[in-house]
Structure formats: structure tokens, C-alpha cells
Amino acid sequence: QVQLVESGGGLVQPGGSLRLSCAASGSIFRLYAMGWYRQAPGKQRELVAVVSSGGSTNYTDSVKGRFTISRDNAKNTVYLQMTDLKPEDTAVYYCFIDNLATRFWGQGTQVTVSS
């Protein structure tokens with residue numbers, strides 16, 4: 001079994017920054033992609049950013065230039081640095097990891113951008 005623990009969410013003013021972390025533990029054999037989704041109230045879950053095992057990254061258009069995804073393979077951890085946050089970034093953020101052929105999810109962390 002694999003457990004993911006997320007941290008770093010909270011309330012921030014527009015233009016502010018937050019850093020999300022997601023640490024995986026348990027029966028980790030080989031990590032492939034790691035990343036983040038988000039889900040705002042009344043909306044479908046959307047992929048925000050993903051980083052491959054080789055370090056390649058992809059972002060949804062609305063966060064390009066503002067968010068940076070990274071991973072620390074030694075710590076089995078993925079990060080999402082979010083800057084210049086906007087009210088439309090408000091959502092529950094979920095991390096995921098692909099361990100061999102199985103995707104595991106974090107519990108979600110709330111990010112609220114409001115003045």
C-alpha cells in the first residue's frame with residue numbers, strides 16, 4: 001500500500017504564493033509520473049501540472065508561467081510552487097503518483113485565493 005500526505009494549502013491574497021508538497025510512503029517500487037489536479041466547486045477536476053520520471057513537465061495553460069512543479073526522487077515527494085495566485089486558482093488540490101501501473105491519490109488540500 002502507498003500513502004500520500006499533502007501539505008501547504010491555505011488562504012492567500014491575490015498575487016500571493018503558496019508551496020504544496022506531497023510525500024509518498026509505503027510500498028513504492030518505481031515512480032513514474034507525479035503531479036497535481038485541482039477541483040473547484042461545481043467544476044470538473046482538471047490536471048494542473050505533471051512531471052515525468054525524467055523530469056519533463058507539462059502545465060495547463062492557465063498556470064503556465066506562474067506555477068512550477070518539481071520532484072525529489074530521494075524523498076518520493078512532488079512539489080507545486082504557486083505564485084501570482086488568482087481567485088480562479090481557488091480549489092482543492094490533489095496530488096497523484098504513478099507507482100508502476102497504479103495511480104495513487106492524496107487526500108486533497110484546500111487553496112483559497114481571496115482578499
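Look up: the structure comes first, before these words.
Because the structure is a prediction, the values reported are computed rather than measured.

Chemist: Summarise the overall build of the protein; cite the residues concerned and give the values.
Modeler: The number of helices and strands found in the protein is zero helices and eleven strands. Its helices and strands taken in sequence order, the protein reads β-β-β-β-β-β-β-β-β-β-β from the N to the C terminus. In terms of overall size, the protein behaves like a compact globule, its C-alpha atoms giving a radius of gyration of 13 Å where 115 residues would be expected to give roughly 13 Å. Once the C-alpha set of the protein is aligned to its principal axes, its extents read approximately 45 × 25 × 25 Å. Per-residue burial over the protein gives 42% buried out of 115 residues. Restricting the contact set of the protein to residue pairs at least 6 apart, pairs at least 24 apart contribute 54%. Carbon and sulfur atoms make up 47% of the accessible area of the protein, which amounts to about 5900 Å² in all. Averaged over its 11 positive side-chain charges, the protein has a centre that lies 4 Å from the centre of its 8 negative ones.

Chemist: Tell me what's going on with the state of the cysteines, and back it up with residues and numbers.
Modeler: Disulfides are covalent bonds that connect the sulfur atoms of two cysteines. Tallied over the entire structure, the rule returns one disulfide. Cysteine 22 shares a disulfide with cysteine 95; S-S distance 2.0 Å. Residues cysteine 22 and cysteine 95 share a disulfide whose torsion about the S-S bond is about 50°; that sign makes it right-handed. Of this pair, cysteine 22 sits in strand β3 (residues 18–26) while cysteine 95 sits in strand β9 (residues 91–99), and the two are 73 residues apart along the sequence. Of the two residues, cysteine 22 and cysteine 95, neither departs from the other in class, the shared state being buried.

Chemist: Which residues make up the pairing of β9, and what values go with them?
Modeler: In terms of burial, β9 is largely enclosed, as eight of its nine residues are buried. Bridge count for strand β4 (residues 31–39) against β9 is seven bridges, and the pairing is antiparallel. Note that in β9 the partner of tryptophan 36 across the bridge is cysteine 95. Taken together, the three bridges between β9 and strand β11 (residues 109–113) define a ladder with antiparallel strand orientation. Counterpart to valine 92 in the pairing with β11 is glutamine 110. With four bridges connecting them, β9 and strand β10 (residues 102–105) associate as antiparallel partners.

Chemist: Lay out the pattern of salt bridges in plain terms, naming residues and giving numbers.
Modeler: Counted under the stated rule, the structure contains six salt bridges. Two residues, aspartate 89 and arginine 66, come together in a salt bridge whose shortest N-O distance is 2.8 Å. Remark: arginine 66 occurs in the loop between β6 (57–59) and β7 (67–72) and aspartate 89 occurs in the loop between β8 (77–82) and β9; sequence separation between them is 23 residues. The burial state of aspartate 89 is the same as that of arginine 66; both residues are buried. Here the residues in one salt-bridge network are Arg38, Glu46, Arg66 and Asp89, joined through shared partners.

Parameters and conventions
Residues numbered from 1 in each chain as written. Predicted model: local features only at pLDDT ≥ 70, side-chain atom pairs only at ≥ 80, totals over all residues. Heavy atoms only, no water. Helix = DSSP H or I, 4+ residues; strand = E, 2+ residues; numbered from the N terminus. Rg over C-alpha atoms; globule rule 2.2 N^0.38 Å. Buried < 20%, exposed > 50% of the residue type's maximum accessible area, 1.4 Å probe, protein only. Contact = heavy atoms within 4.5 Å. Areas by Shrake-Rupley, 256 points an atom, 1.4 Å probe, with all protein chains shown as cover. Lys, Arg positive; Asp, Glu negative; His and termini not counted. Charge placed at Lys NZ, Arg CZ, Asp CG, Glu CD. Disulfide = S-S within 2.5 Å. Pairing = 2+ DSSP bridges. Salt bridge = Lys/Arg side-chain N within 4 Å of Asp/Glu carboxyl O.

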